[in-house]
Protein chains: 2
Amino acid sequence: MSAPDDKIALRHGAGGPAMRHLVETLFARGARPEPGVIGLDALDDGAAIRLGDRWLVFTTDSHVVSPPFFPGGDIGRLAVCGTVNDLAMMGATEPLGLSLALVLEEGFARKDLERVRDSIEAACAESGARILTGDTKVMGRGELDGVVLNTAGLGFATRLVRDDGLRPGDAILCTGTIGDHGLAVMAHRHGLEGGAALRSDVAPLNGLVAAALAAGGDAIAAMKDPTRGGVARALVEMARKSGVGVLLEEAALPVRPAVRAVAELLGIDPLLVANEGKALLAVRPAQEPAVLAALRAHPLGREAARIGRCVAEPVGRVVLDTGFGRRLVVEPDGELLPRIC
Amino acid sequence: MSAPDDKIALRHGAGGPAMRHLVETLFARGARPEPGVIGLDALDDGAAIRLGDRWLVFTTDSHVVSPPFFPGGDIGRLAVCGTVNDLAMMGATEPLGLSLALVLEEGFARKDLERVRDSIEAACAESGARILTGDTKVMGRGELDGVVLNTAGLGFATRLVRDDGLRPGDAILCTGTIGDHGLAVMAHRHGLEGGAALRSDVAPLNGLVAAALAAGGDAIAAMKDPTRGGVARALVEMARKSGVGVLLEEAALPVRPAVRAVAELLGIDPLLVANEGKALLAVRPAQEPAVLAALRAHPLGREAARIGRCVAEPVGRVVLDTGFGRRLVVEPDGELLPRIC
C-alpha cells in the first residue's frame, strides 16, 4: 500500500489487494491457525470446523448489486447462489441451510420484494438449499440505495477442499465461459449497445461440483469461484497461497462472442470480470480427463475446458500465453465496476 | 392489516405485527414444520437442526443502528452481542463461531472502523465467541448511511429452549432493568436533556443464561430477549405462541430512575423500548427461587426480578397490574425509533 488509508474507498470492497490488506490488518490480525478449524486467518471462501469425521462449513456474503434486477438474474438469485457456491467450493455440496437477512430502504416496492423472493425460492429449489432463519431491517428513505441482502450458509463436507492445494503439473479447469456476469451487469447498468445479448451466468454450482468430486476424488486439489476480480484474481490468490505459478493459454479461455465484443468495446479484459456461475478446479494430471468429462456431462459444465496448468515458477504469478508471446496477468486493485454482486 | 402494503415502510423493520405479516406472507409462506428442524415457520430467535443428541443453533441479524456509536456501546458490540444472545436464548450458551459481513459507505473513516473492530474483539472476548469468516462490501458515497453489519452465529444446545413453552403459573423473570438501550440511543440521537445519564445495556448474556440453565434445568420453559418492541412485544409473542396470558406487576418492573425520567419526558412506555442486554425467562414455579438466585449471583443479573406470572386467560394477551387497576399492554405496530439496533 502506498499510503495509509484513512477513508474507506470502493477498492476496499473489490475483493483484491486493498480489501485483503484491510481485512488482514483490521479483522484477521488476531486470527491464528488452530487445529480442526479453518478460520479468518485462512481467508478462504468460508470457515470450517471439524466435527467428528466431517467438516461443518460456514460462509457469509452480503449482496449490494446495482441494479438489483439484471439480465439473467437478480439480487435474490445472486445471494442464494453466492452462498451455495462458497459452500460447494469447500466441498459442502449439500447445503444444510441458509440464513437470509434483508435490509430494505423505506419505500422499496413490495412487488420488487416479491420478485426477489421468487428468485430466492427458485434458486433454493434448484440447489436443494432452504432458508432456515432470517432478519428484516428497514432504513429510512435516502439512507440506503434499495436493498442489501446477506446470506450465511451451512453445510457438511466429508472431504474439505481448499483454495491452496495446487502443485506444478496440475490442470486448471474452468467450468464454462468467463466474464458473463460482470459484463451483463455493466452493459445493463450503462445501457451499452450490444448489451442486450448478454446475460449473467449466476447459477448454483453444487450439483456440478458434486459430479466433479465424484469423478475426481482426492485428485481435485483446490477449487475457487472466480467472482469479484474474475479468473485473474482467483488464480493469483490460489497461486500465491500454494507457492506455484499458473500458465494460462489464451486460446483455451471460453468467452462468448457477445461478451468478447462488449469487453473489447469497453477495453476490459474478461479475465478480470466477475463470474457468478463458474468454478476453477485444480486437478492432478492423471484424473484431468475424468473430471473434465464429468463437468461436461452436467448442464452447467458443457463448455468446461482446461485453461492452463500449474508451473513451478514464477511463484504466485499468473502468466498468459497469447500464442504470440507471454504476458503477466495482474489482478486489478481497484474496482472495475462497484456493486457488481 | 388494513390495506395491502405496496411499499416497504419503517414499521416493516420494527419487529412487530407489520414485520411478522411481511415475513409470514412473503418468506415463510412455504415453510412447513419438519421433524428435527426448527425453521422459518417457527419465527423463533433462530433456527435449529438436530444433529445426534444435540441441536445446532443458527441465527442471523443485521445491524443498522444510527448513530453507530452511542453511550454504552456501538454497532460492533451490538452485532456480536445480538447474535450471541439469540444463540443463548435457544440454549446455545457456548458460541461455536460467528460470521461478520461489513457493508461500508465509501468515505467511512478507518479510525471509526478500528473502533468498531475493537468493540467486536472486546465483545468476543467477553462472550467466548470468535469471528470465523467474513465479507466486505463498499457502496458509493450517498448509497448507504455509514455502515451495516451482519453477524450470523452457530452454537450447540444440548437442550433446546424455545419461546413458546409457557404454562399458567410460570413465573416471568427479567434479568435486569428495562428500556436502557432504546432510551440511551434515543436521547443521544436527539440530544435530550437528562440523556447523558443513560447508557445502553448491550451485553452478551450467554454466561448469565448458562448460570440460569444450570440452576433451573428443564424448569426454564422459555426464553426470549426483549429487543425491538421491548418487553411488551417479547411477552405478547411468547403468550400468543404458548396459548396463555401474562399478568405483569408494574411495581415489580425494574426501571432506572434516569430511564424513567427520559421516558416520561418523551411519553414513551419503557415496556415498549428495546433492550440489548436483558432476557425474559418463563420458569416453572417450584424452581423460581433457585433460578432467580442464580441470576442475581451473576454480574449481569444483579437486578433480576420476577415481573409477572403466566395466567390461563386472556390467551395471547399481556395485562399490566398497576396497583390501581389493570390495563392491556399492546405491542407497538409502528417504530418508536427507527434504526435502534
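Basis of the calculations
Residues numbered from 1 in each chain as written. Chains lettered and ligands numbered in written order. Predicted model: local features only at pLDDT ≥ 70, side-chain atom pairs only at ≥ 80, totals over all residues. Heavy atoms only, no water. Helix = DSSP H or I, 4+ residues; strand = E, 2+ residues; numbered from the N terminus. Rg over C-alpha atoms; globule rule 2.2 N^0.38 Å. Buried < 20%, exposed > 50% of the residue type's maximum accessible area, 1.4 Å probe, protein only. Contact = heavy atoms within 4.5 Å. Areas by Shrake-Rupley, 256 points an atom, 1.4 Å probe, with all protein chains shown as cover. Lys, Arg positive; Asp, Glu negative; His and termini not counted. Charge placed at Lys NZ, Arg CZ, Asp CG, Glu CD. Least-squares fit on C-alpha atoms with pLDDT ≥ 70 in both. Polar contact = N/O pair within 3.5 Å; in protein donor to acceptor, adjacent residues only side chain to side chain.

K.L.:
Quick question: what am I supposed to make of the overall build of chain A here?
P.N.:
Along the backbone of chain A there are 8 helices and 15 strands. For 341 residues, the compact-globule estimate of 2.2 N^0.38 gives 20 Å, and the C-alpha radius of gyration of chain A, at 19 Å, lies within 12% of that figure. Seen along its three principal axes, the alpha-carbon backbone of chain A occupies a region of about 55 × 55 × 45 Å. Every one of the 341 residues in chain A was classed for burial, and the buried ones make up 63%. By sequence separation, contacts in chain A at least 24 residues apart represent 83% of the contacts at least 6 residues apart. Roughly 11,900 Å² of accessible area belongs to chain A as shown, and the carbon and sulfur atoms make up 51% of that amount. Counting 37 positive and 43 negative side-chain charges, chain A places the averaged centre of each group 2 Å from the other.

K.L.:
Which parts of the structure should I look at to understand the relation of the copies chain B and chain A?
P.N.:
Under the fitted operation, chain B is carried onto chain A by 0.0 Å of movement along the axis and a turn of 180 degrees, and the coordinates agree to an RMSD of 0.0 Å. The two molecules are tied by a two-fold rotation axis, judged by turn and shift. When C-alpha positions in chain B are compared against the rotation axis, the closest is assigned to Leu144 of chain B, at 2.2 Å. Interface overlap between copies is the fraction of interface residues in one copy that are interface residues in the other; for chain B against chain A it reaches 100%, indicating a shared surface.

K.L.:
Explanation requested: the side chain of Thr151 of chain A in the structure shown.
P.N.:
Residues and elements named next belong to chain A. Mapped onto the elements, Thr151 comes out in strand β8 (residues 147–157). At a separation of 2.8 Å, a polar atom in the side chain of Thr151 contacts the side chain of Thr83. Those residues in contact with Thr151 that lie beyond four places of it in its chain are Thr59, Thr60, Asp61, His63, Ala79, Thr83, Ser99 and Leu100.

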